[in-house]
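An overview of the molecular structure
Each chain is listed here by its residues.
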Protein chains: 2
Amino acid sequence: MTASYRPLSRKDIRRENEKLILEAAEKVFAEAGFGGATMQLIADMAGLPKANLHYYFPTKESLYRQVVQAIFLDWLKAADIFDAAPGPVEGLGAYIDAKMEISRRHPAGSKVWASEVMHRAPVIQDYLETTLMEWTEGRMDVIRRWIAEGKMDPVDPRHLLYMLWATTQHYADFGHQIETLNGGRPMSDAQWVAAKESVKSIILKGIGARPSPDG
Amino acid sequence: MTASYRPLSRKDIRRENEKLILEAAEKVFAEAGFGGATMQLIADMAGLPKANLHYYFPTKESLYRQVVQAIFLDWLKAADIFDAAPGPVEGLGAYIDAKMEISRRHPAGSKVWASEVMHRAPVIQDYLETTLMEWTEGRMDVIRRWIAEGKMDPVDPRHLLYMLWATTQHYADFGHQIETLNGGRPMSDAQWVAAKESVKSIILKGIGARPSPDG
DNA sequence: GCTTTTCCTGACCGTATGGTCAAGAAAAGA
DNA sequence: TCTTTTCTTGACCATACGGTCAGGAAAAGC
């Protein structure tokens, strides 16, 4: 019991407050956009005075930058499974599952990213040109290899990737529209399963993915 | 010659200025979001003094509302072809073509819509609940009919529609990302053709669309 | 020509926002 | 214990924004 009353160390305080602020900021940026978000709103949601935000993050833009960076790194991780897979059924299937899960659990992040890109990426253009470019080239190589090995039809790997991004992120970015068309109710567990299955089934069949013989 | 120097009538002036303002507003709202857009920016882009904007559109929100409404009506038109088609190959193929063309020619509108929905549709929620809901139900009926007639696989029509929206609008909403990944150059005519073909081919094959016998 | 209506616009106003600062509280270091 | 460093925060500031308004210009109506 006594241990839990030990005063927080400096490092703990900093880590905890930064996390609190970043989480609040992600929500507010997602709901209001960069221009519509205010430091006061973020402060209220984090339960801290506004001046305290400026102590940890000197400007609104620096706070926003860190939010976007965290999202981007999160997405890159989701694609690790891609490379190790023996073929498109396993690799793309798992990738779709992973990205759908992010859309479900982390919709605010997806919205912030979409907003940033739609506004011509003023903050993360360098990421697009370096990290994302390399990542995309690498994944296209994997797809081309699968095609060469006869594991799927010879589709354009670039547009396949765009379709994967578009379709999976749609469930986060347009979640409000989907909810409205669902009678005002959020998608149930069963509906999420159906969504994943629909997406996977149409895309995998659409590219003529053939299950690995040694799967 | 003399005719072209006739002073503009009141109706002409109004129509012309409103059009000028709406076009400028669409661009600015698309690039900066509702919160980031300023009446001054829109005025500058339209080449009019700010006070003149408030003469035609009393508030920023009323201007925004009209921009979003125009976009929505534009999209509804694009789906007329859907109903008349004998089957999914013609109907969905033409719909994909039409929406891809809008993404190419009218990307700002798509971005404004995306932004509005991402921010929980504060301005057009009623449209979602009425017009869009009815439109969606009607199109799902068409798809179900095609399925019943054996013209395509029994896929979930709802998620098929979401995939169509997501994929086609992605080329507008994420156009900047696509351009960056394309070496910083906008997609060429040939690349647009390839994009359309990729999307159509994967989706139509993915749903097992069978060409109409009497096509 | 005279009156009415519509259009135009520079100057102005209240407010909200991002950001600053000084002074104190609390932990760390010696 | 005394000093140093880090953290906290109410009060404050300059600016930019949405919106107003009065007074004039220009068509329309008669």
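All values derive from a computational prediction rather than experimental measurement.

Another aspect to go through is the UniProt feature "domain: HTH tetR-type" (unreviewed entry) in chain A. As annotated in UniProt, the feature "domain: HTH tetR-type" (unreviewed entry) corresponds to residues 15–75 of chain A in the numbering used here. In residues 15–75 of chain A, helix accounts for 87% and strand for 0%; the two terminal C-alpha atoms are 22 Å from one another.

Averaged over all residues, the pLDDT of chain A equals 93, while 96% of them reach at least 70. Between residues 1–5 of chain A, whose pLDDT stays under 50, and residues either more than four places distant or in other chains, the model counts 0 contacts.

Glancing now at the relation of the copies chain A and chain B. Once turned by 180° and shifted 0.0 Å along the axis, chain A lies on chain B with an RMSD of 0.1 Å. Here the two chains are linked by the operation of a two-fold rotation axis. Of the C-alpha atoms belonging to chain A, the one lying closest to the rotation axis is found on Gly206 of chain A, 1.8 Å away. Interface overlap between copies is the fraction of interface residues in one copy that are interface residues in the other; for chain A against chain B it reaches 100%, indicating a shared surface.

Taken together, 19 residues lie around DNA strand D, and Arg14, Tyr55 and Tyr56 of chain A together with Lys50 and Lys60 of chain B are the ones closest in. Considering the 4 Å shell around the protein, atoms of DNA strand D inside it are sugar or phosphate in 58% of instances. Separating a sugar or linking oxygen of DNA strand D from a side-chain N or O atom of Arg10 of chain A is a distance of 3.4 Å. At 2.6 Å from a phosphate oxygen of DNA strand D is found a side-chain nitrogen or oxygen belonging to Tyr55 of chain A. Broken down by secondary-structure element, the contributors of at least two residues to the surface near DNA strand D are helix H1 (10–36) and helix H3 (50–56) of chain A together with helix H3 (50–56) of chain B. The residue makeup of the surface near DNA strand D, split by class, is 8 nonpolar, 6 polar and 5 charged.

The positions UniProt marks with the feature "DNA-binding region" (unreviewed entry) are residues 38–57 of chain A. Secondary structure within residues 38–57 of chain A divides into 75% helix and 0% strand; the distance between the first and last C-alpha atoms comes to 14 Å.

The biggest cluster of nonpolar side chains holds 138 residues, and the ones touching the most others in it are Trp113 and Leu160 of chain A together with Trp113 and Leu160 of chain B. When near neighbours in sequence (up to four residues on either side) are disregarded, Trp113 of chain A contacts Val68, Ile71, Phe72, Trp75, Ile124, Leu128 and Gln169 of chain A together with Phe174 and Gln177 of chain B.

Here we take up the interface of chain A and chain B. Each partner contributes residues to the interface: chain A has 55 residues there, and chain B has 56 residues. For the pair chain A and chain B, the summed buried area comes to about 4800 Å², and 65% of that belongs to carbon and sulfur atoms. Broken down residue by residue, the surface that chain A buries against chain B is led by Met118, Leu181 and Ile202 of chain A, which jointly contribute 17%. With its nearest N and O atoms 2.4 Å apart, the salt bridge here joins Lys205 of chain B to Asp153 of chain A. Counting every contact that joins chain A to chain B gives 14 residue pairs in polar contact (both at pLDDT 80 or more). Of the residues forming the side of chain A that touches chain B, the biggest block, 12 residues, is contributed by helix H9 (residues 157–173) of chain A. Split into classes, the residues belonging to the side of chain A that touches chain B amount to 27 nonpolar, 19 polar and 9 charged.

With that settled, the discussion passes to the domain arrangement of chain A. Residue and element names in this part refer to chain A. Domain annotation for chain A reports domain 1 (10–58) and domain 2 (68–206). On a C-alpha basis, the centroid separation for the pair domain 1 and domain 2 is 28 Å. Residue-level contacts link 4 residues of domain 1 with 6 residues of domain 2. Both sides of the domain 1 and domain 2 interface together cover about 390 Å² of buried area, and 69% of this is carbon and sulfur. The tally of links from domain 1 across to domain 2 stands at 0 salt bridges.

This brings us to the pattern of salt bridges. All names here are of chain A. One pass over the full model with this rule turns up 28 salt bridges over all chains. With a closest N to O distance of 3.2 Å, Asp12 and Arg15 form a salt bridge. Separated by 3 residues within a single helix, Asp12 and Arg15 lie in helix H1, roughly one turn from each other. For Asp12, a relative accessible area of 30% gives the class partly exposed.

Between its terminal C-alpha atoms helix H6 (residues 88–105) of chain B stretches 25 Å, which fits the 26 Å expected from 18 residues at 1.5 Å a residue. Along H6 of chain B, the residues that are buried comprise Pro88, Gly91, Leu92, Gly93, Tyr95, Ile96, Lys99, Met100, Ile102 and Ser103 of chain B.

A separate point is the protein's contact with DNA strand C. Taken together, 20 residues sit near DNA strand C, with Lys50 and Lys60 of chain A together with Arg14, Tyr55 and Tyr56 of chain B positioned nearest. The protein-proximal atoms of DNA strand C, defined as those within 4 Å of the protein, are 58% sugar or phosphate. Taking Lys50 of chain A, its side chain carries an N or O atom lying 2.8 Å from a base oxygen of DNA strand C. Counting only elements with at least two residues in the surface near DNA strand C, the list comes to H3 of chain A together with helix H1 (10–36) and H3 of chain B. Counted by class, the surface near DNA strand C contains 9 nonpolar, 6 polar and 5 charged residues.

Quick notes on the rules
- Residues numbered from 1 in each chain as written.
- Chains lettered and ligands numbered in written order.
- Predicted model: local features only at pLDDT ≥ 70, side-chain atom pairs only at ≥ 80, totals over all residues.
- Heavy atoms only, no water.
- UniProt positions renumbered as here; feature names shortened; annotations may be inferred.
- Helix = DSSP H or I, 4+ residues; strand = E, 2+ residues; numbered from the N terminus.
- pLDDT = per-residue confidence, 0-100.
- Contact = heavy atoms within 4.5 Å.
- Least-squares fit on C-alpha atoms with pLDDT ≥ 70 in both.
- Near = heavy atom within 4 Å.
- Polar contact = N/O pair within 3.5 Å; in protein donor to acceptor, adjacent residues only side chain to side chain.
- Nonpolar A, V, L, I, M, F, W, Y, C, P; charged D, E, K, R; others polar.
- Core = buried A, V, L, I, M, F, W, Y, C linked by side-chain atoms within 4.5 Å.
- Buried < 20%, exposed > 50% of the residue type's maximum accessible area, 1.4 Å probe, protein only.
- Buried area = accessible area lost by both parts, 1.4 Å probe.
- Salt bridge = Lys/Arg side-chain N within 4 Å of Asp/Glu carboxyl O.
- Domains from an automatic or database assignment.
- Expected span 1.5 Å × (residues − 1).

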